[in-house]
Amino acid sequence: MAVGTVLVTGGTGYIGSFTTLALLEHGYDVVIVVSLYNSSKVAVDRIELLSGRRPDFYQVDVTDEKALDDVFAKHPAIDSVIHFAALKAVGESGEIPLEYYRVNVGGSIALLRSMERNNVTNIVFSSSATVYGDATRFPNMIPIPEHCPIGPTNTYGRTKSMIEDVITDCVNAQRSNLKKAGKPFEQWNGALLRYFNPCGAHPSGIMGEDPQGVPYNLLPLLGKVATGDREKLLVFGEDYASRDGTAIRDYIHVVDLAKGHLVALNYLRENKPGVKAWNLGSGRGSTVFEMIKAFSAVVGRDLKYEVVARRQGDVLDLTANPSLANEELKWKTELTMEKACEDLWRWVDNNPQGYRQEPPAELLAA
Ligand code: NAD
Ligand code: WQD
């Protein structure tokens with residue numbers, strides 16, 4: 001008998017696939033809905049290879065309420081949702097803002113309306129450290145605690161902060177309306193998980209990030225330099241007030257991040273806290289130069305880079321204060337960024353075509 005049944009939106013994407021794997025490994029049944037806009041159905045096969053269990057899969061757009069209703073009707077055991085499905089490219093979000101608001105905000109509203117109709121009452125949401133914007137504008141807010149004022153500086157970040165508000169208002173209204181009607185209300189709960197910089201791959205080397213377009217995050221780009229697909233990494237600025245002049249981020253292994261979703265979901269189901277926000281980060285900040293050094297060490301050679309001007313919208317330091325998640329969720333990162341570099345390189349080196357190729361037989365046999 002399953003511990004519970006969870007609808008995972010965007011469950012074939014990078015973080016969604018690792019979270020689906022963690023849920024299956026811990027006794028949950030999983031139903032994936034995804035449009036496959038930025039992911040591949042092959043992820044479902046890899047999840048099955050690693051866990052010995054296969055999630056249910058529906059190709060559904062999260063903005064399509066009717067299709068979501070149909071999935072909930074087919075799976076009445078679902079009592080919780082983990083919501084990953086979104087567009088996530090910061091630069092693109094400023095170019096096509098209406099599409100970002102339609103998919104991210106509109107998709108979340110469609111999902112919550114369908115949850116209401118189908119009496120599905122727990123939601124774990126993929127928020128982002130990007131909702132804090134530049135926390136260095138306040139004294140004593142680095143490392144960043146959850147009570148740091150929200151202030152996103154780009155369209156993508158604003159969609160995330162709006163969705164946090166939509167979920168908060170929805171859960172609070174449901175609880176209050178049910179309470180007034182003398183009905184049980186505590187089953188409505190929401191977790192707003194603010195991730196810092198997710199990275200890495202599965203240690204087996206057969207599951208990892210497989211973006212359909214050109215990567216723009218630091219580690220996938222370093223992977224491209226290591227495989228020779230790119231000549232060099234462009235380092236965006238060395239005039240920050242950091243120990244080596246480059247910007248600081250809190251890199252978190254995707255396997256740790258996936259476990260964070262599992263414990264947040266368990267917390268909602270056991271403690272029924274209403275809506276709560278948690279930072280998911282390590283508390284350890286690394287500079288761009290430190291990341292280049294760490295990745296070069298696992299590749300076994302110096303990777304070429306060139307320092308250029310700062311990237312517009314970048315901030316000096318996004319390092320988490322993860323104390324709240326450490327204490328309340330009993331969760332903390334166990335894997336270092338060096339381990340993330342090692343696992344990422346195993347994935348990239350063995351699967352240069354991502355999910356468009358079979359992994360080497362020796363990895364499948366291991
Ligand atoms: P991803 O692109 O790999 O996964 C997102 C998934 O959503 C993809 O499978 C995509 O096909 C799906 N999707 C997009 N539009 C959809 C739609 N209209 N209907 C149904 N499915 C749709 O991204 P990821 O890195 O796994 O990110 C997952 C979530 O975490 C996103 O909400 C993202 O904003 C958030 N997040 C990511 C990071 C990061 O650096 N990767 C950091 C913080 C927060
Ligand atoms: C990391 C560091 C760059 C590329 C983004 C989103 C955030 C979240 C995670 C979704 C920065 C530097 C990068 C390059 C570089 N995503 N860099 N050269 O910007 O911290 O966060 O992804 O929610 O919302 O904004 O991540 O990987 O792009 O950059 O020097 O070619 O690497 O300046 O300091 P970022 P990143």
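Only a predicted model underlies this, so the values are computations on that prediction, with no experimental measurement involved.

What counts and how
Residues numbered from 1 in each chain as written. Chains lettered and ligands numbered in written order. Predicted model: local features only at pLDDT ≥ 70, side-chain atom pairs only at ≥ 80, totals over all residues. Heavy atoms only, no water. Pairing = 2+ DSSP bridges. Helix = DSSP H or I, 4+ residues; strand = E, 2+ residues; numbered from the N terminus. Axes fitted to C-alpha atoms, helices over the stretch in contact; angles between N-to-C directions. Contact = heavy atoms within 4.5 Å. Near = heavy atom within 4 Å. Polar contact = N/O pair within 3.5 Å; in protein donor to acceptor, adjacent residues only side chain to side chain. Areas by Shrake-Rupley, 256 points an atom, 1.4 Å probe, with all protein chains shown as cover. Nonpolar A, V, L, I, M, F, W, Y, C, P; charged D, E, K, R; others polar. pLDDT = per-residue confidence, 0-100. Phe/Tyr/Trp six-rings, centres within 6.5 Å; stacked < 30°, edge-to-face > 60°. Lys NZ or Arg CZ within 6 Å of the ring centre and 35° of its normal. Buried < 20%, exposed > 50% of the residue type's maximum accessible area, 1.4 Å probe, protein only. Core = buried A, V, L, I, M, F, W, Y, C linked by side-chain atoms within 4.5 Å.

This part covers the sheet that holds strand 6 (residues 189–195). With respect to topology, seven strands assemble into an open sheet ordered 3-2-1-4-5-6-11, the strand pairing being parallel. A strand with exactly one partner marks an edge of an open sheet, and here the two such strands are strand 3 (56–59) and strand 11 (275–280). Each adjacent strand pair in this sheet contributes to an overall mean axis angle of 20 degrees, direction not counted. Here five bridges tie strand 1 (residues 5–9) to strand 4 (residues 78–83), and the two strands are oriented parallel to one another. Bridge pairing in strand 4 links T5 to I78. The strands touched by helix 6 (residues 155–180) are strand 5 (122–128), strand 6 and strand 11; relative to strand 5, the strand with the most contacts, the crossing angle is about 160 degrees. This element, helix 8 (residues 254–271), spans strand 1, strand 4, strand 5, strand 6 and strand 11 of the sheet and lies at about 160 degrees to strand 6.

As for its position among the elements, L49 is in helix 2 (residues 42–51). A C-alpha to C-alpha distance of 25 Å links L49 and A77, two positions 28 residues apart in sequence. When near neighbours in sequence (up to four residues on either side) are disregarded, L49 contacts I206 and L364.

So, on to the site of ligand 2. The environment of ligand 2 is made up of 19 residues, and the closest members are Y156, L218, L234, R249 and D314. A distance of 2.6 Å is found between an oxygen atom of ligand 2 and a side-chain nitrogen or oxygen belonging to R249. Burial of ligand 2 by the protein chains amounts to 90% of its free accessible area of 680 Å². Those elements giving two or more residues to the shell around ligand 2 turn out to be helix 7 (218–227) and strand 8 (233–236). At four residues, the largest contribution of residues to the shell around ligand 2 is made by strand 8. Within the shell around ligand 2, the residues separate by chemical class into twelve nonpolar, four polar and three charged.

The next subject is the site of ligand 1. Residues in close proximity to ligand 1 total 26 residues, the closest being N38, S39, F84, K88 and Y156. Between D61 and ligand 1, the recorded distance is 3.0 Å, taken from a side-chain N or O atom to a nitrogen atom. For ligand 1, an oxygen atom lies 2.7 Å from a polar atom in the backbone of F84. Calculation on ligand 1 without its partners gives an accessible area of 810 Å², and the protein chains cover 94% of this total. For the shell around ligand 1, the secondary structure elements donating two or more residues are helix 1 (14–25), strand 5 and helix 6. A total of three residues in the shell around ligand 1 trace back to one element, the largest contributor, which is strand 5. Classifying every residue of the shell around ligand 1 by side-chain character gives 14 nonpolar, nine polar and three charged.

Scored by pLDDT, the chain comes out at a mean of 97, with 100% of its residues at no less than 70. Across the whole predicted complex the pTM is 0.98, and at the interface the ipTM reaches 0.99.

Taken as a whole and assessed by the stated rule, the structure comprises six aromatic pairs. Against the face of Y240 rests R310, its NZ or CZ located 3.9 Å from the ring centre.

In this section: unusual backbone geometry. Backbone geometry follows two general trends: most residues other than glycine have a negative phi, and most peptide bonds adopt the trans configuration. Residue I142 is joined to P143 through a cis peptide bond whose omega torsion reads -5 degrees. Note on placement: P143 falls in the loop between strand 5 and helix 6. The backbone of N119 shows a phi angle near 55 degrees, a positive value even though the residue is not glycine. Examined against the element boundaries, N119 turns out to sit in the loop between helix 5 (97–117) and strand 5. Judged by relative accessible area, N119 falls into the exposed class, the value being 54%. Although it is not a glycine, K330 adopts a positive phi angle of roughly 55 degrees. Within the element layout of this structure, K330 appears in the loop between helix 10 (323–328) and helix 11 (337–350). Here K330 falls in the exposed class, since its relative accessible area comes to 69%.

Bringing the sheet that holds strand 9 (residues 248–249) into the picture now. As summarised here, the arrangement of the three strands in space is 12-9-14, forming an open sheet in which the pairing is mixed. Since the sheet does not close on itself, it has two edges, and those belong to strand 12 (286–287) and strand 14 (317–318), each with one partner. Two strands pair when backbone bridges link them, and strand 9 and strand 12 are joined in this way by two bridges, in the antiparallel orientation. Across the sheet, residue I248 finds its bridge partner in strand 12, namely T287.

Among the nonpolar cores identified, the biggest contains 66 residues, and L23, L193, L219, L222, L233, L280 and F295 are the most heavily contacted of them. Broken down by element, the residue count for this core peaks at nine residues, all from helix 8. Not counting the four nearest positions on each side in its chain, L219 is found in contact with C199, M291, F295, C341 and L344. Core analysis: the second largest hydrophobic core is formed by 28 residues, L7, V71, I123 and W188 among them.

Once that is clear, we can look at the side chain of D69. By the secondary structure assignment, D69 is in helix 3 (residues 65–74). Not counting residues within four places of it along the chain, the set of residues in contact with D69 comprises S114, R117 and N118.

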